[in-house]
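# Residue-level structural notes
The residues making up each chain are set out below.
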Amino acid sequence: GINDSAMIANTAVLNPSQNVASMSLWFKTSIGGGVLLSKGDSGTNGYEMQVDGSGKVLCKKGSYALMSMSKVYDGQWHQMACVSSSEGMFLYLDGFLNVSDSIAAAKVNFPGSTSLPLTLGKSSAGNYFNGLIDEVAFFQNQALSAADISAIYHRRGLYTSTTLNSQIATARWSSLGITKTKPY
């Protein structure tokens, strides 16, 4: 959509208490700019996945941001994953590591928990994403490996959240499962 979004109510699962978490999603856009996923105020508290105005993607944790080397506003589906661990931050695009950072700022714990919901398609400030988002997954206290990210990429179109399908108000992205549907 152009100015559509979805919100998932705040839960402890969405507020990592340490430095370890992973997020993955698929998106498609022809225009640079917009927030794919946001939890918190996107400045000093919380985390985000976004496409900047130049068409590059960013993984943000508090005031720290890791930017891709590749542009992704080509109208094709792309898989993006952000992994945070004690070793640093890692940004994957289409199943491959695109950029990583092991400086001290990348290793800090997630900023304090926030009562704001997890929002898909916009930030708390309303920075809407113009495109499509699919297969959002959040892995609390799990630093996915390169092999895990590659497996998610190669199984595109096969992941759904069984909890999300049955209880939208209490969805927890950690309940990811595989279905027998066709890929895109």
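Please read these numbers as outputs of a predicted model, since none were measured by experiment.

### Thoughts on helix α2 (residues 146–154)
Helical periodicity: at 3.6 residues per turn, an α-helix aligns residues three or four positions apart in one direction. Turning to α2, its buried residues number three or more, namely I149, I152 and Y153. Buried residues along α2 cover an arc of 100 degrees about the axis, so they all sit on one side. In α2, the exposed positions angled more than 90 degrees off the buried face are occupied by A147 and H154.

### Some thoughts on the sheet that holds strand β2 (residues 21–28)
Hydrogen bonding along the main chain pairs the strands of a sheet, whether they run parallel or antiparallel. Ordered in space as β9-β8-β7-β2-β11, the five strands form an open sheet in which the pairing is antiparallel. Strands with a single pairing partner mark the edges of an open sheet, and in this sheet they are β9 (96–101) and β11 (132–140). Each strand axis lies, on average, 15 degrees off the axis of its neighbour in the sheet, ignoring direction. Here β2 pairs with strand β7 (residues 77–85) via eight bridges, running antiparallel. Looking at the pairing, M23 lines up with C82 of β7. The strands touched by α2 within the sheet are β2, β7, β8 (88–93) and β11, with β7 carrying the most contacts at an inclination of about 155 degrees.

### Describing the side chain of E48
Mapped onto the secondary structure, E48 falls in strand β4 (residues 46–51). A polar atom in the side chain of E48 sits 3.4 Å from the side chain of S38.

### With respect to the pattern of salt bridges
Between side chains of opposite charge, a pair can form as their charged atoms come close. In total, this model carries one salt bridge according to the counting rule given. K60 is paired through a salt bridge with E48; the nearest N and O atoms lie 3.9 Å apart. One end of the pair, K60, is in strand β5 (residues 56–61); the other, E48, is in strand β4, with 12 residues separating them in the sequence. For E48, a relative accessible area of 2% corresponds to the buried category.

How each quantity is defined
Residues numbered from 1 in each chain as written. Predicted model: local features only at pLDDT ≥ 70, side-chain atom pairs only at ≥ 80, totals over all residues. Heavy atoms only, no water. Buried < 20%, exposed > 50% of the residue type's maximum accessible area, 1.4 Å probe, protein only. Helix = DSSP H or I, 4+ residues; strand = E, 2+ residues; numbered from the N terminus. Arc of directions from axis to C-beta. Pairing = 2+ DSSP bridges. Axes fitted to C-alpha atoms, helices over the stretch in contact; angles between N-to-C directions. Contact = heavy atoms within 4.5 Å. Polar contact = N/O pair within 3.5 Å; in protein donor to acceptor, adjacent residues only side chain to side chain. Salt bridge = Lys/Arg side-chain N within 4 Å of Asp/Glu carboxyl O.

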